[in-house]
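Observations on the model geometry
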Amino acid sequence: MSIKIISIVGNRPQFIKLYPMIRALKEPIRHLVIHTGQHYDNNMDKAFFETLGIPGADYNLGVGSGSHGWQTGEGIKRIESVLIKENPDWVLVYGDTNSTLAGVLASAKLHIPIAHIEAGLRSHDMNMPEEINRRIADICSSTLFCPTETAVKNLKREGCEANIINSGDVMYDALMLARERVETGILDTLEIRSDSYYLATIHRAENVDDKTRLKRIVDILIKLSEKRTIIFLAHPRTEKELKGYDLKGLRLVPPLGYFDMLTLLQNAKKILTDSGGLQKEAYLLKTPCVTIRENTEWPETLNGGWNVLAGIDEQKIINAISTSDYDLALHSPKLFGDGKAAYKIIDYLRRIK
Ligand code: UD1
């Protein structure tokens, strides 16, 4: 039987999650994409669709930037009118962004069944906008596709009554699909050698919007760059805040496409980041990670020392950067599935409709 599914996305990590899903969402399923327009700079948006071979969105709602309430509110209004027109059998929402939240609230109010992909993750830190978004997404969804067993346990512990399925992680699917393309010419372009540099990315609101915290992070990175090259990937939010700040030896690089990003990550000596997705991609590519946060939604990556939570504690960061103590026996990509999560998700939705 033919069913109509709408995916709601709005920013970079969601375009990557869509990449394996598009391959699984074939005929006779009618699949439409709503792009809220939360990310809109070419290298954060269009370039991703192009490199990943994802057809353009069926609806681009042009929401753009704003405060959390404004961005979410505009998203709800604009998504609602598309959902009323299209009346899908399912709405798929991804991850934990303001676009996820807007999609969830618009759909729930219209009584459209929601499936949340990447459900059950918890940082247990309600100061993070993402933690609020993911908890509400889980409460409002009828089907929850978890990337890991830890996520399943989190939902069960909370007494969640929806269908809970450990599908594996669609980001792992994306990584497996990208694998054969992970060796672009980006090292030559940047004139760096494998293992000669640290990669750094900072974009989380709690690190960037607090000027003192951002300055402290940047000062630590500058200090580290005296010993080894640091490629600092700028997110527009971070770049804006750093205008006029002397970055000294840090090499600021604009946001990269997915394949370049994976190449740079795979060849880095280590990565320092506050991203959720990158912690896990680093783990899967066996690049040790130092996380500039106090918590993580991906506790599996901490096993065997592959990821270290260092917050903004300079000594902890230096210790984590200096160690080479990683336990290969405790490295287990299987914790994130088998690279076929997208197919499992679509099979499941077709069967229960
Ligand atoms: C959002 C998600 C975060 C995800 C990240 C990936 C929320 C609450 N956060 O954070 O979970 O990890 O995307 O990048 O949804 N901006 C531009 N151009 C763009 C996009 C953003 O200039 O294409 C600037 C705007 O000034 C904007 C700021 O960056 O105000 C922050 O963007 P926003 O979409 O609010 O959040 P992100 O930090 O990107």
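Here, every reference points to the structure presented above.
Residues numbered from 1 in each chain as written. Predicted model: local features only at pLDDT ≥ 70, side-chain atom pairs only at ≥ 80, totals over all residues. Heavy atoms only, no water.

This next bit is on the packing of helix 10 (residues 211-224) against helix 14 (residues 314-322). Put simply, helix 10 and helix 14 touch, their axes get as near as 11 Å, and they point 40° apart. Helix 10 and helix 14 meet at a crossing whose hand is right-handed. Each of Arg 216, Ile 220, Lys 223 and Leu 224 in helix 10 lies in contact with helix 14, whose residues at this interface are Glu 314, Ile 317, Ile 318 and Ile 321. A breakdown of the residues in the contact of helix 10 with helix 14 according to their chemical character gives 5 nonpolar, no polar and 3 charged. (Axes fitted to C-alpha atoms, helices over the stretch in contact; angles between N-to-C directions. Helix = DSSP H or I, 4+ residues; strand = E, 2+ residues; numbered from the N terminus. Left-handed = near helix turned anticlockwise from the far one by under 90°. Contact = heavy atoms within 4.5 Å. Nonpolar A, V, L, I, M, F, W, Y, C, P; charged D, E, K, R; others polar.)

Moving on, we get to the layout of surface pockets. In this structure, the second largest pocket spans a volume of roughly 210 Å³. Surrounding the second largest pocket, Tyr 198, Lys 223, Leu 224, Glu 226, Lys 227, Arg 228, Ile 318, Ile 321 and Ser 322 form its lining. Broken down by secondary-structure element, the contributors of at least two residues to the lining of the second largest pocket are helix 10 and helix 14. (1 Å grid on protein atoms, 1.4 Å probe; cavity = no way out; pocket = protein on both sides within 12 Å on 5 of 7 lines; lining within 4 Å. Points joined across faces, edges and corners; volume = space filled by probe spheres on them.)

What follows concerns helix 10. Between its first and last C-alpha atoms helix 10 spans 20 Å; for 14 residues at 1.5 Å apiece the expected length is 20 Å, and the two agree. For helix 10, the complete set of buried residues consists of Arg 213, Leu 214, Ile 217, Val 218, Ile 220, Leu 221, Ile 222 and Leu 224. Residues of helix 10 that are buried in the fold lie against strand 8 (197-201), helix 9 (205-208), strand 9 (229-233), helix 11 (236-242), strand 11 (270-273) and helix 14. (Expected span 1.5 Å × (residues − 1). Buried < 20%, exposed > 50% of the residue type's maximum accessible area, 1.4 Å probe, protein only.)

A few words on the site of the ligand. In the vicinity of the ligand there are 22 residues, among which His 39, Asn 98, Glu 130, Arg 237 and Lys 240 approach most closely. Gln 38 places a polar side-chain atom, nitrogen or oxygen, 2.8 Å from an oxygen atom of the ligand. Coverage of the ligand by the protein amounts to 91% of the 740 Å² it exposes when considered alone. Those elements giving two or more residues to the shell around the ligand turn out to be helix 1 (12-24), helix 3 (68-86), helix 5 (129-140) and helix 11. For the shell around the ligand, the residue count by class is 5 nonpolar, 10 polar and 7 charged. (Near = heavy atom within 4 Å. Polar contact = N/O pair within 3.5 Å; in protein donor to acceptor, adjacent residues only side chain to side chain. Areas by Shrake-Rupley, 256 points an atom, 1.4 Å probe, with all protein chains shown as cover.)

By the definition in use, this model includes 20 salt bridges. Measuring nitrogen to oxygen at the nearest pair gives 2.8 Å for the salt bridge that ties Arg 78 to Glu 74. Of the two residues, Arg 78 and Glu 74 both sit in helix 3, 4 residues apart, roughly one turn of that helix. Under the relative-accessibility criterion, Arg 78 is labelled partly exposed at 26%. Looking at Glu 74, the relative accessible area reads 14%, which means it is buried. (Salt bridge = Lys/Arg side-chain N within 4 Å of Asp/Glu carboxyl O.)

Right, let's get into the environment of Gln 279. With respect to the helices and strands, Gln 279 occurs in helix 13 (residues 276-284). Setting aside its immediate chain neighbours within four residues, Gln 279 contacts Thr 273, Cys 289, Thr 291, Arg 293, Thr 296, Thr 301 and Asn 307.

With that out of the way, let us pick up the sheet that holds strand 7 (residues 163-166). Strand order in the open sheet made by the 7 strands is 3-2-1-4-5-6-7, with parallel pairing throughout. Strands with a single pairing partner mark the edges of an open sheet, and in this sheet they are strand 3 (59-60) and strand 7. Pairing of strand 2 (residues 30-35) with strand 3, which is carried by 2 bridges, proceeds in the parallel orientation. Among the inter-strand pairings, Ile 34 is bridged to a residue of strand 3, identified as Tyr 59. Packed on one face of the sheet, helix 4 (residues 98-109) meets strand 1 (4-9), strand 4 (90-94) and strand 5 (114-117) and runs near 160° to strand 4. (Pairing = 2+ DSSP bridges.)

Shape descriptors only; they carry no functional weight alone.
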